[in-house]
Number of protein chains: 2
Amino acid sequence: MIHTVTIHYPNGARYLPAGQTAHHKAAAKPVLHGGRGMTLEQELNESNRYYLSHDIAVIHKKPTPIQIVKVDYPRRSAAVIKEAYFRQASTTDYNGIYKGRYVDFDAKETRNKTSFPLTNFHQHQIDHMRSCLKQGGVCFGLIKFVTLNRLYLLSASDLIAYWDQQDSGRKSIPIADFEKIAFPIQYALNPVIPYLSAVDDLLS
Amino acid sequence: MIHTVTIHYPNGARYLPAGQTAHHKAAAKPVLHGGRGMTLEQELNESNRYYLSHDIAVIHKKPTPIQIVKVDYPRRSAAVIKEAYFRQASTTDYNGIYKGRYVDFDAKETRNKTSFPLTNFHQHQIDHMRSCLKQGGVCFGLIKFVTLNRLYLLSASDLIAYWDQQDSGRKSIPIADFEKIAFPIQYALNPVIPYLSAVDDLLS
């Protein structure tokens, strides 16, 4: 019986093993996110399962990139990784297809109540979004103000605009700006995070 | 200094750590694939780097899904995975965007000289391709006959047709059929595998 443990990325974000259910998570950690005992990643995975099962979209979170160093395999069917390290992803975490459009985004959480610190994004993620936009992709960030329990879809073009003015300007995006330019997303039941409705707003 | 080892998936396919270069690989394993000492995965990764750097397409291989069981982290910045297992992917290995179209495919190698055994694909990969096709994605398989050094793009619809007739029909696709219905890909220099030309053929 494999039991998982809570670990952390170098940036301190919690790592969540794939397949972990809201129930397990709630049992393991009673702190509530979105009022259902799930983290943003779990909420998005569940929402993507809903969209997939209803033929609405095919969007998946990419696996966490791991640098494997040592593996034992007494039998090929039982290879055990004995030493490995987390690697930084070269793309955003989520991509797929919706209404024939390539969709690409990353999800970030902040406990900050007044603004979203741009340090939550990394240069390579911004570069990746730039490249996808050039190809005609639908790119954005899903940003959750955890303590306020507010969730927004921010278009990649807007995100990049804030990113590019960091040296001259501020290093974060005020929540007031989200109210102006981002698309708010209300939690629901099915899917938990109906973010594709915000994507429709972004596209229209 | 992190040094990698050659390991195998449950299905016996070789695992290649990301970032491993053709040179390293050639040094480690002199057997030639495509005449450049690279495996199909390395050739595709290099080709995708070329397409990305020339603003032609943004296509990446997804990281290998790993089930993490035990992690030591004396410091967050040095989390060491001590026990983990390979998980089976729920999607194909490659996806991205090309000319505004969502592209999704998997790459398979066979040493068979006369036909491609359908056992190289898994049900969930076929199901994933079905879902992507429904959404208007450009889906296919890149199939390499290693001993013949022949590479083909086979459309997902054709692949699925062969897959669905397995119970009543044959369990492999004759190479003669590839000659008829698949799109041959010739190795080149930049990119090593110009498979997007075959995608153009598929789309036209």
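Worth saying up front: this structure is predicted, and the values here are computed from it rather than measured. (Residues numbered from 1 in each chain as written. Chains lettered and ligands numbered in written order. Predicted model: local features only at pLDDT ≥ 70, side-chain atom pairs only at ≥ 80, totals over all residues. Heavy atoms only, no water.)

### Here's the deal with the overall build of chain A
Counting its secondary structure elements, chain A contains six helices and twelve strands. For chain A, with 204 residues in total, the buried portion stands at 53%. For chain A, the proportion of contacts with a sequence separation of at least 24, taken over those separated by at least 6, is 60%. With an accessible surface of roughly 9,100 Å², chain A has 53% of that area assigned to carbon and sulfur atoms. (Helix = DSSP H or I, 4+ residues; strand = E, 2+ residues; numbered from the N terminus. Buried < 20%, exposed > 50% of the residue type's maximum accessible area, 1.4 Å probe, protein only. Contact = heavy atoms within 4.5 Å. Areas by Shrake-Rupley, 256 points an atom, 1.4 Å probe, with all protein chains shown as cover.)

### Let's talk about the sheet that holds strand E3 (residues 57–61) of chain A
All names here are of chain A. Spatial strand order, E3-E6-E7-E9-E10-E12: six strands in an open sheet with mixed pairing. The open sheet has two edge strands, E3 and strand E12 (183–185), and neither has a second partner. Going from strand to strand, the sheet's axes swing by 25° on average, the running direction of each strand aside. Note that strand E7 (residues 101–110) and strand E9 (residues 138–145) share eight bridges and pair parallel. Considered in E9, the bridge of Phe105 is made with Phe140. Where helix H6 (residues 195–203) meets the sheet, it contacts E3, strand E6 (94–98), E7, E9, strand E10 (150–155) and E12, and its direction lies at approximately 130° from that of E9. (Pairing = 2+ DSSP bridges. Axes fitted to C-alpha atoms, helices over the stretch in contact; angles between N-to-C directions.)

### Things to note about the environment of Leu189 of chain A
All names here are of chain A. Mapped onto the fold, Leu189 is located in the loop between E12 and H6. Judged by its relative accessible area of 65%, Leu189 falls in the exposed class. C-alpha of Leu189 to C-alpha of Ser47: the two residues are 142 residues apart in sequence and 9.3 Å apart in space.

### Observations concerning the pairing of strand E4 (residues 66–72) of chain A
Two faces make up the sheet, and in a regular strand the side chains alternate between them. Residue and element names in this part refer to chain A. Here E4 lies mainly inside the structure; five of its seven residues are buried. Strand direction decides the pairing type here: E4 and strand E5 (residues 80–86), joined by six bridges, are antiparallel. Pairing of Ile68 across the sheet is with Ala84, part of E5.

### Quick notes on a positive patch on the surface
A cluster of like positive charges, contributed by Lys70 and Lys82 of chain A together with Lys70 and Lys82 of chain B, occupies part of the molecular surface. Within the secondary structure, Lys82 of chain B sits in strand E5 (residues 80–86). (Patch = residues over 30% accessible without salt bridge, like charges linked within 9 Å, V, L, I, M, F, W, Y side chains within 5 Å. Salt bridge = Lys/Arg side-chain N within 4 Å of Asp/Glu carboxyl O. Lys, Arg positive; Asp, Glu negative; His and termini not counted. Charge placed at Lys NZ, Arg CZ, Asp CG, Glu CD.)

### Some words on the sheet that holds strand E7 (residues 101–110) of chain B
All names here are of chain B. Ordered by their spatial adjacency, six strands build an open sheet running E3-E6-E7-E9-E10-E12, and the pairing between neighbours is mixed. Every other strand in the sheet has two partners, leaving strand E3 (57–61) and strand E12 (183–185) as the edge strands with one partner each. The average angle at which neighbouring strand axes cross in this sheet is 25°, direction not considered. This element, helix H2 (residues 40–53), spans E3, strand E6 (94–98), E7, strand E9 (138–145) and strand E10 (150–155) of the sheet and lies at about 150° to E3.

### Some points on the UniProt feature "site: Transition state stabilizer" (unreviewed entry) in chain A
Residue and element names in this part refer to chain A. Following the UniProt record, one finds the feature "site: Transition state stabilizer" (unreviewed entry) at Lys108. On the secondary structure map, Lys108 appears in strand E7. On the basis of relative accessibility, which here comes to 11%, the residue Lys108 falls in the buried class. Not counting the four nearest positions on each side in its chain, Lys108 is found in contact with Leu40, Phe116, Asn120, Phe121, Gln125, Leu142, Ile143 and Lys144. (UniProt positions renumbered as here; feature names shortened; annotations may be inferred.)

### Brief notes about the side chain of Lys144 of chain B
All names here are of chain B. By the element assignment, Lys144 lies in strand E9. With a relative accessible area of 0%, Lys144 lands in the buried category. A polar atom in the side chain of Lys144 sits 2.8 Å from the side chain of Tyr187. (Polar contact = N/O pair within 3.5 Å; in protein donor to acceptor, adjacent residues only side chain to side chain.)

### Thoughts on the side chain of Thr110 of chain B
Residues and elements named next belong to chain B. Its place among the elements puts Thr110 in strand E7. Thr110 gets classed as buried once you look at its relative accessible area, which sits at 6%. One polar contact links the side chain of Thr110 to the main-chain amide nitrogen of Asn112, over a distance of 3.0 Å. Setting aside chain neighbours within four positions, we find Thr110 in contact with Ser115, Phe116, Pro117, Lys144, Phe145, Val146 and Thr147.

### Observations regarding the UniProt feature "binding site: Mg(2+)" (unreviewed entry) in chain A
Residues and elements named next belong to chain A. UniProt feature "binding site: Mg(2+)" (unreviewed entry): in the numbering of this structure it lies at Thr91, Asp93, Asp106 and Gln125. In sequence the annotated residues extend across 35 residues, while in space they remain close, none of their C-alpha pairs exceeding 9.1 Å. Tracing the backbone through its elements, the reader meets Asp106 in strand E7. Using a relative accessible area of 1% as the deciding quantity, one classes Asp106 as buried. When sequence neighbours within four positions are dropped, the list of residues in contact with Asp106 reads Thr92, Asp93, Tyr94, Phe121, Gln125, Met129, Phe140, Gly141 and Leu142.

### Structural notes on the packing of aromatic side chains
Scanning all chains against the criterion turns up 23 aromatic pairs over all chains. When the ring of Phe145 of chain A is compared with that of Tyr152 of chain A, the centres are 6.1 Å apart and the planes differ by 85°; the resulting orientation is edge-to-face. Between the aromatic rings of Tyr152 of chain B and Phe178 of chain B, the centroid separation amounts to 5.2 Å while the plane-to-plane angle is 40°, which identifies the pairing as tilted. With Tyr152 of chain B in strand E10 and Phe178 of chain B in helix H5 (residues 175–181), this pair connects stretches of sequence that are 26 residues apart. Here the two residues Tyr152 of chain B and Phe178 of chain B agree in accessibility, since each one is buried. Looking at Lys108 of chain A, its charged tip hangs above the ring of Phe121 of chain A, at a distance of 5.0 Å from the centre. (Phe/Tyr/Trp six-rings, centres within 6.5 Å; stacked < 30°, edge-to-face > 60°. Lys NZ or Arg CZ within 6 Å of the ring centre and 35° of its normal.)

### As for the packing of helix H3 (residues 123–134) of chain B against helix H4 (residues 156–164) of chain B
Residue and element names in this part refer to chain B. Between H3 and H4, the least distance of the axes is 10 Å, while the angle of their chain directions is 135°. Here H3 is positioned oblique relative to H4, judged by the angle of their axes. As for how H3 packs across H4, the hand of that crossing is left-handed. Contacts from Gln123, Ile126, Met129, Arg130 and Leu133 of H3 reach H4 at Ala156, Ser157, Leu159, Ile160, Trp163 and Asp164. (Parallel < 35°, antiparallel > 145°, perpendicular 65-115°, else oblique. Left-handed = near helix turned anticlockwise from the far one by under 90°.)

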